[in-house]
Amino acid sequence: MERFGFVGLPNAGKSSLYNALTGSDALAAPYAFATTDPNVGVAKVSDQRLDALAKLSESRTVTPASVQCTDIGGLVEGASRGEGLGNRFLAGIREVDAVVYVLRAFVDDEVPGPVDPLEHLRILEIELTLADLATVENRIAKRRKAAVQDRSLAAEVDALQAALESLSEGVPLYRSTLSQAQRDDLRESFLLTNRPVLAVVNIGEDQLAEANEVIQPVAKELLGRASVMAVCVQLEAEAAQLLGEERAEMLEGLGLGVGALGRFTQAAYDLLGLRTFFTTGEKETRAWTFRMGATAPEAAGRIHSDFQRGFIRAEVIDWHELLSAGGWNSAKDKGLMRTEGRDYVVADGDVMEFRFNV
């Protein structure tokens, strides 16, 4: 399950966004530090293809793909020096796959705090960069010493040195000139700014019509180094409390389309290069995520390591072709099912059945 860590200043709307995505009821209050312990929840990824396949197979169970969301306490300027609640929560998101910056743009006189998303971005980047700098300073001497005996660590030491120089200049690693190979060598350091970034600009209901204009300064500042999207978190959190048709009607009436969850997961999937394949049958229809470029054995490993280790072959069909054929057996009879081996690169929307022997 892919993991996303939410960071933001107090009152930026982190907890409300977390609630909107996960359907949770974490405390979201108009004062600083309402969140004192990290909240961890799961957001189920809505997918019409999954629903259609489940209906076709008359599945007893339908299991969507999921992403894990971690909401931590608000950061303030000086958190790295102990201001506010300090940065003690940051350990809770050091192992996430991507970091979500929640940047406030909505105006509400009853909710304190800055309303310029660029100011929010500036403070978050400073505090995360300083936290990473402390980590690198503590680690680099130890790895240099270890590299004397183990030459395989040389690349990591070089990457740590490059990271030290960038962070010392106040440049977060996702905005730095470090190569992808260097950033890969830093994985074991679990650096916060070495993660892909999705910036969510929290807008007010009165800003919906001009959402693109509101996020433009943030997009311009990040220069393509991060994905940027606008969300009216308050409305999305309210919609999340409704079920089925009521929720869909509210989203449609407000012009919010598929809602924050659908837009967030699509942006998150694009950010991490994630794709989806399916398994389907009477017992269960299930969506599985995989990284773009994965081979059939690697996709099988998403289900169970035994599937990957003992992989023999996979029977594959595009989800739309399966629906058009009217079912698995019918697709076989029509010669639409393909048999793929170890080198097959899985495509988004593949429906797969694996053969393996352990």
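Basis of the calculations
Residues numbered from 1 in each chain as written. Predicted model: local features only at pLDDT ≥ 70, side-chain atom pairs only at ≥ 80, totals over all residues. Heavy atoms only, no water. Salt bridge = Lys/Arg side-chain N within 4 Å of Asp/Glu carboxyl O. Helix = DSSP H or I, 4+ residues; strand = E, 2+ residues; numbered from the N terminus. Buried < 20%, exposed > 50% of the residue type's maximum accessible area, 1.4 Å probe, protein only. Pairing = 2+ DSSP bridges. Patch = residues over 30% accessible without salt bridge, like charges linked within 9 Å, V, L, I, M, F, W, Y side chains within 5 Å. Areas by Shrake-Rupley, 256 points an atom, 1.4 Å probe, with all protein chains shown as cover. Lys, Arg positive; Asp, Glu negative; His and termini not counted. Charge placed at Lys NZ, Arg CZ, Asp CG, Glu CD. Axes fitted to C-alpha atoms, helices over the stretch in contact; angles between N-to-C directions. Parallel < 35°, antiparallel > 145°, perpendicular 65-115°, else oblique. Left-handed = near helix turned anticlockwise from the far one by under 90°. Contact = heavy atoms within 4.5 Å. Core = buried A, V, L, I, M, F, W, Y, C linked by side-chain atoms within 4.5 Å. Polar contact = N/O pair within 3.5 Å; in protein donor to acceptor, adjacent residues only side chain to side chain.

Caption draft 1: Quick peek at the pattern of salt bridges. What the rule picks out here adds up to 19 salt bridges. Between Arg309 and Asp306 there is a salt bridge, with the nearest N and O atoms lying 2.4 Å from each other. One end of the pair is Arg309 and the other is Asp306, both in helix H11 (residues 305-309) and three residues apart, which spans about a single turn. The exposure class assigned to Asp306 is partly exposed, which follows from its relative accessible area of 24%. One salt-bridge network, in which partners are shared between bridges, spans Glu315, Lys332, Glu353 and Arg355.

Caption draft 2: Broad picture of the pairing of strand E1 (residues 2-8). For E1, the buried fraction is high: six of the seven residues fall into the buried class. Of the strand pairs in this sheet, E1 and strand E4 (residues 66-71) are connected by five bridges, and their pairing is parallel. Within E4, the residue paired with Glu2 across the bridge is Val67. As paired elements, E1 and strand E5 (residues 98-104) share five bridges and run parallel to each other. Within E5, the position partnered with Gly8 by the bridge is Val102.

Caption draft 3: Inspection of a negative patch on the surface at higher detail. Taken together, the side chains of Glu205, Asp206, Glu210, Glu213 and Glu238 make up a negatively charged region of the molecular surface. One can find Glu210 in the loop between strand E6 (197-202) and helix H6 (211-222).

Caption draft 4: Layout of the packing of helix H3 (residues 117-149) against helix H4 (residues 154-168). Contact pair H3 / H4: the axes reach a minimum separation of 9 Å and the direction vectors enclose 150°. On the basis of their axis angle, the class for H3 and H4 is roughly antiparallel. Remark: the crossing between H3 and H4 carries left-handed chirality. Of H4, the residues touching H3 (which contributes Thr129, Asp132, Leu133, Val136, Glu137, Arg139, Ile140, Arg143, Arg144 and Ala147) are Glu156, Val157, Leu160, Gln161, Ala163, Leu164, Leu167 and Ser168.

Caption draft 5: Representation of the pairing of E5. Where burial is concerned, most of E5 is hidden: seven out of the seven residues are buried. Along E5, one buried face is formed by Ala98, Val100, Val102 and Arg104 and the opposite face, lined by Val99, Tyr101 and Leu103, is buried too. By the bridge criterion, six bridges tie E5 to E6 in an arrangement that is parallel. Bridge pairing links Arg104 to Asn202 in E6.

Caption draft 6: Representation of the nonpolar core. If you look at the biggest cluster of nonpolar residues, it comprises 37 residues, and the most contacted ones within it are Phe4, Phe6, Leu17, Val100 and Phe264. When residues in this core are grouped by element, the largest group, six residues, is from helix H9 (residues 259-272). The contact partners of Leu17, leaving out residues within four places of it in the chain, are Phe6, Val102, Val200, Val231 and Val233. Among the nonpolar cores identified, the runner-up in size contains 31 residues, and Leu9, Ile72, Val99 and Ala105 belong to it.

Caption draft 7: Here's a closer look at the side chain of Thr285. Note that Thr285 resides in strand E9 (residues 284-291). Polar side-chain contacts of Thr285 include one of 2.6 Å to the side chain of Ser59. Those residues in contact with Thr285, other than ones at most four positions away along the chain, are Leu50, Leu53, Ala54, Ser57, Ser59, Thr61, Val62, Thr63, Thr279 and Thr280.

Caption draft 8: Molecular detail of the sheet that holds E5. Spatial ordering of the open sheet is given by E2-E4-E1-E5-E6-E7, a layout of six strands whose pairing is mixed. Of all the strands in the sheet, just strand E2 (39-44) and strand E7 (227-231) have a single pairing partner and so form its edges. If you compare each strand with its neighbour and ignore which way they point, the axes differ by 25° on average. Contacts from H3 reach E1, E5 and E6 within the one sheet, and its direction differs from that of E5 by about 140°.

Caption draft 9: Spotlight on the environment of Arg60. As for its position among the elements, Arg60 is in the loop between helix H2 (48-57) and strand E3 (61-63). Residue Arg60 is classed as exposed on the basis of its relative accessible area of 65%. With 225 residues separating them along the chain, Arg60 and Thr285 place their C-alpha atoms 8.2 Å apart. Aside from chain neighbours lying at most four places away, what touches Arg60 is Glu282 and Lys283.

Caption draft 10: View of helix H1 (residues 14-22). For H1, the buried fraction is high: nine of the nine residues fall into the buried class. Among the residues making up H1, those that are buried are Lys14, Ser15, Ser16, Leu17, Tyr18, Asn19, Ala20, Leu21 and Thr22. Gly23 sits one or two positions beyond H1 and adopts a positive phi of about 70°.

Caption draft 11: Spotlight on the environment of Leu198. Considering the arrangement of structural elements, one finds Leu198 in strand E6. Classification of Leu198 as buried rests on a relative accessible area of 1%. Through-space distance from the C-alpha of Leu198 to that of Phe6 is 9.5 Å; in sequence the pair is 192 residues apart. Leaving out residues up to four positions away in the same chain, Leu198 has contacts with Val99, Val100, Tyr101, Ser227, Val228, Met229, Phe264, Ala267 and Leu271.

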